[in-house]
Protein chains: 2
Amino acid sequence: MSMTGRRETLSRARVVAAAIAQADANGLDSLNMRSLAQELDVVPMALYKHVANKGDLLDGMIELVVGEVERTPQTGDWKRDVRARILAARDRLQRHSWSRAVLESRAAMTPAMLDYLNALTGLFLDGGLSADLTHHVMHALGNRMWGFSQELFAATPRSDPSFETQKAALPTHFPHLAAIARAAAQADPESGVGPGCDDRLEFEFALDLLLDGVEILHAQQWSSRGWMRASAVAESWRIQKDTPGYGTRETAETLRAALTAAKRDRDM
Amino acid sequence: MSMTGRRETLSRARVVAAAIAQADANGLDSLNMRSLAQELDVVPMALYKHVANKGDLLDGMIELVVGEVERTPQTGDWKRDVRARILAARDRLQRHSWSRAVLESRAAMTPAMLDYLNALTGLFLDGGLSADLTHHVMHALGNRMWGFSQELFAATPRSDPSFETQKAALPTHFPHLAAIARAAAQADPESGVGPGCDDRLEFEFALDLLLDGVEILHAQQWSSRGWMRASAVAESWRIQKDTPGYGTRETAETLRAALTAAKRDRDM
DNA sequence: TGACATGGTGTACACGGTACACCTAGATTG
DNA sequence: CAATCTAGGTGTACCGTGTACACCATGTCA
């Protein structure tokens, strides 16, 4: 548009960028087509020349953010590499409070998403893990691969009046919760039960727990073959829940075997 | 209302139950105050005499479902007990496809929720785990404690035309993803990359991985004390990402120690 | 020069949550 | 027993939000 220089011509990129800015500033709820249009100094319907609909806009937003995740260098140590890459994703997505909700509600398979998934998968495979194990591990990571902790409690602290009452009743009615809350408070003085916990620490704890477990399975050349057969057995157990053995699964055995084998191997 | 027996008088319970039925039948999207009112043969605003607003209605729905989670018996084996309890939660929540979305978007701390959390926490504590470890483990479990897998891909398979193209381009552009997709297809003939995988199997794999890891940490009398100090160090490393040691964390060491110690202990 | 594509405009509608004033019948009480 | 209160159902109306659709302006190209 040459008529006047009074404003840049719109583009999908500009629309998406403005949407991100607005969601960052005022939260996802405040992001609507009208306010976004106003921000861009156009009429609402103008946006639809650049995005198909609001869903498409949201897809574009995560696409852009995910595309900016740092390509951390590979060192040859798969565990370290995976860890670094996931923390890089976290670093990026944490800056956009809305990203979690959008990713979980939509998660369209855009190129940048596939790219990230592919790269992460590649780190495991390059590390020598079997495709079989890697596949299950990717599932086990789930949303954690984006750097999200799995919030126990909604972000909203519930300001309704009954809440305080409940909180007061916690030690008597929910003693176990009170106990771990105390433990958390001890480690980190200014914390309640849910928020107040160091989100990053909890995240790394869980991530390392998973990756360390995976390392052991890998060392044991774990395969889903026997495991799935075992699960068929467990399935029948499940029907008769009081059968002895209910609730166990081969993984534990595998692990125990790993402990034993490890002693033989790298001994001392 | 005695005037005619033509309909039961409304109550919060009846409203919530009807809402659940409707969400079960036609999906969460189709649940709105008007259609729900029609189902109950009243005018929309009548509902507001029994629920404060739609959010409150949703809270009531999960409250009811969570309250129905089976109280699995304790056997004295904490790992088995946790596993059984979580699978019981899964069994219940899986019947309501909307529960995941509602739980993630709201997660108000209603009595039934607190009850479940408290009970689950108690299983760990009764098993002898420290409050410290239990606290972090509860975080690590996250939404998995409700029996949800952490979906990699949205449920919607995206019917847009570019999707097929992308799928075709998968082997060349995203070879690693193609590799694990093949592995999955091999194990389970009729599966693509995301859906088609046995959800329950993936869930149990991840759950066991976590619980087995926790068992080891527990055996090692893991404490967050040293670990948090280590993280402070890692924090400074993070600033200089190329520092050697970046991306490692003490948990791995703990585990390695566990392997070594295990050999000494239960030897052979 | 005239047709067309690209992109911004204006109007208007559907849908969903819910505020508010009202009404009605059973329960309560002087 | 009448006056009043209250719980619970009604009707109307409003607002916010996404978006269909017809239209119009401008730069491009045959």
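Residues numbered from 1 in each chain as written. Chains lettered and ligands numbered in written order. Predicted model: local features only at pLDDT ≥ 70, side-chain atom pairs only at ≥ 80, totals over all residues. Heavy atoms only, no water.

1. A closer look at helix α10 (residues 199–219) of chain A
Along an α-helix, a turn takes 3.6 residues, which lines up residues three or four apart on a common side. Residues and elements named next belong to chain A. Its 21 residues give α10 an end-to-end C-alpha distance of 30 Å, which sits within 8% of 30 Å, the value for a rise of 1.5 Å per residue. With 17 of 21 residues buried, α10 is to be regarded as a mostly interior element. Backbone nitrogen of Arg-200 and a side-chain oxygen of the N-cap are separated by 2.9 Å at the start of α10; the cap is Asp-198. Residue Gln-221 follows α10 closely and has a positive phi angle near 50°. (Helix = DSSP H or I, 4+ residues; strand = E, 2+ residues; numbered from the N terminus. Expected span 1.5 Å × (residues − 1). Buried < 20%, exposed > 50% of the residue type's maximum accessible area, 1.4 Å probe, protein only. Polar contact = N/O pair within 3.5 Å; in protein donor to acceptor, adjacent residues only side chain to side chain.)

2. Here's the deal with helix α7 (residues 131–141) of chain B
Residues and elements named next belong to chain B. Burial analysis of α7 places ten of its eleven residues in the buried class, the great majority of the element. Inspection of α7 places Asp-132, Leu-133, Thr-134, His-135, His-136, Val-137, Met-138, His-139, Ala-140 and Leu-141 among the buried residues, and these make up the whole buried set. Remark: Gly-142 follows α7 within two positions and exhibits a positive phi of approximately 55°.

3. A look at the protein's contact with DNA strand C
Looking at DNA strand C, there are 18 residues lining it, with Met-45, Lys-49 and His-50 of chain A together with Arg-34 and Lys-54 of chain B nearest. Of all DNA strand C atoms lying within 4 Å of any protein atom, the proportion belonging to sugar or phosphate reaches 47%. Within the side chain of Lys-49 of chain A, an N or O atom sits 2.5 Å from a base oxygen of DNA strand C. Within the side chain of Lys-54 of chain B, a nitrogen or oxygen atom sits 2.6 Å from a phosphate oxygen of DNA strand C. Residues of the surface near DNA strand C, tallied by class, amount to nine nonpolar, five polar and four charged. (Near = heavy atom within 4 Å. Nonpolar A, V, L, I, M, F, W, Y, C, P; charged D, E, K, R; others polar.)

4. Overview of unusual backbone geometry
Residues and elements named next belong to chain A. Residue Asp-41 is not a glycine yet carries a positive backbone phi of 65°. If you trace the backbone, Asp-41 turns up in the loop between α2 (33–40) and α3 (54–67). The class of Asp-41 is partly exposed, set by a relative accessible area of 45%.

5. Things to note about the confidence of the model for chain A
It should be kept in mind that the predicted coordinates are not to be read in detail where pLDDT is low. Residues and elements named next belong to chain A. For chain A, per-residue confidence averages 80 on the pLDDT scale, and 72% of positions sit at 70 or higher. By mean pLDDT, helix α12 (residues 250–264) is the weakest element of chain A at 43, and helix α1 (residues 12–26) is the strongest at 98. Low confidence marks residues 1–6, where pLDDT is under 50. Its contacts with residues over four positions away, or in another chain, come to one contact. Counting interchain partners and residues more than four positions distant, the pLDDT-below-50 stretch residues 232–268 has 65 contacts. (pLDDT = per-residue confidence, 0-100. Contact = heavy atoms within 4.5 Å.)

6. Brief notes about the packing of aromatic side chains
All names here are of chain A. On inspection of all chains with the given rule, the structure shows six aromatic pairs over all chains. Between the aromatic rings of Trp-78 and Phe-124, the centroid separation amounts to 5.7 Å while the plane-to-plane angle is 45°, which identifies the pairing as tilted. Placement of the pair is Trp-78 in helix α4 (residues 78–94) and Phe-124 in helix α6 (residues 111–126), with a sequence separation of 46 residues. The same class applies to Trp-78 and to Phe-124, which are both buried. When the ring of Tyr-116 is compared with that of Trp-146, the centres are 4.5 Å apart and the planes differ by 25°; the resulting orientation is stacked. Taken together, the residues Tyr-116 in helix α6 and Trp-146 in the loop between α7 (131–141) and α8 (161–173) connect sequence positions 30 residues apart. The exposure class assigned to Trp-146 is buried, which follows from its relative accessible area of 3%. (Phe/Tyr/Trp six-rings, centres within 6.5 Å; stacked < 30°, edge-to-face > 60°.)

7. Looking at the nonpolar core
With 136 residues, the main nonpolar core has Met-61 of chain A together with Met-61 of chain B as its most contacted residues. With residues up to four places along the chain from it excluded, the contact list for Met-61 of chain A reads Val-16, Ala-19, Ile-20, Ala-23, Leu-31 and Trp-98 of chain A. (Core = buried A, V, L, I, M, F, W, Y, C linked by side-chain atoms within 4.5 Å.)

8. Quick look at the pattern of salt bridges
Applying the stated criterion to the full structure yields 24 salt bridges over all chains. With a shortest N-O distance of 2.8 Å, Asp-208 of chain A and Arg-83 of chain A are connected by a salt bridge. Here the residue Asp-208 of chain A occupies a position in helix α10, and Arg-83 of chain A occupies one in helix α4, the gap between them amounting to 125 residues. Taken as a pair, Asp-208 of chain A and Arg-83 of chain A share a single burial class, namely buried. For the salt bridge of Asp-91 of chain B with Arg-200 of chain B, the shortest nitrogen-to-oxygen distance reads 3.3 Å. Here the residue Asp-91 of chain B occupies a position in helix α4 (residues 78–93), and Arg-200 of chain B occupies one in helix α10 (residues 199–219), the gap between them amounting to 109 residues. In this structure Asp-91 of chain B comes out as partly exposed when scored by relative accessible area, which is 29%. One salt-bridge network, in which partners are shared between bridges, spans Arg-83, Asp-91, Arg-200, Glu-204 and Asp-208 of chain A. (Salt bridge = Lys/Arg side-chain N within 4 Å of Asp/Glu carboxyl O.)

9. Topic: a nonpolar patch on the surface
All names here are of chain A. On the surface, Val-43, Met-45 and Tyr-48 cluster together to form a nonpolar patch covering roughly 310 Å² of accessible area. With respect to the element layout, Val-43 can be found in the loop between α2 and α3. According to the relative accessible area criterion, Val-43 is exposed, its value standing at 56%. (Patch = residues over 30% accessible without salt bridge, like charges linked within 9 Å, V, L, I, M, F, W, Y side chains within 5 Å. Areas by Shrake-Rupley, 256 points an atom, 1.4 Å probe, with all protein chains shown as cover.)

10. Things to note about the environment of Tyr-48 of chain B
Residue and element names in this part refer to chain B. Along the chain, the position of Tyr-48 falls in the loop between α2 (33–40) and α3 (54–67). A C-alpha to C-alpha distance of 9.9 Å links Tyr-48 and Val-15, two positions 33 residues apart in sequence. With residues near it in sequence (within four places) discarded, Tyr-48 still touches Met-33 and Asn-53.

11. Details of the environment of Gln-94 of chain A
All names here are of chain A. Inspection of the secondary structure puts Gln-94 in helix α4. Overall, Gln-94 belongs to the partly exposed group, its relative accessible area being 46%. The sequence separation of Gln-94 and Gly-147 amounts to 53 residues, and the corresponding C-alpha distance is 7.9 Å.

12. Focus: the packing of α7 of chain A against helix α9 (residues 175–187) of chain B
Where α7 of chain A contacts α9 of chain B, the two axes come as close as 8 Å, and the packing angle between them is 100°. Between α7 of chain A and α9 of chain B, the angle falls in the class roughly perpendicular. In this structure, α7 of chain A uses Ala-131, Asp-132, Thr-134, His-135 and Met-138 of chain A to contact α9 of chain B, whose residues at the interface are Ala-179, Ile-180, Ala-183 and Ala-184 of chain B. Residues of the contact of α7 of chain A with α9 of chain B, tallied by class, amount to six nonpolar, two polar and one charged. (Axes fitted to C-alpha atoms, helices over the stretch in contact; angles between N-to-C directions. Parallel < 35°, antiparallel > 145°, perpendicular 65-115°, else oblique.)

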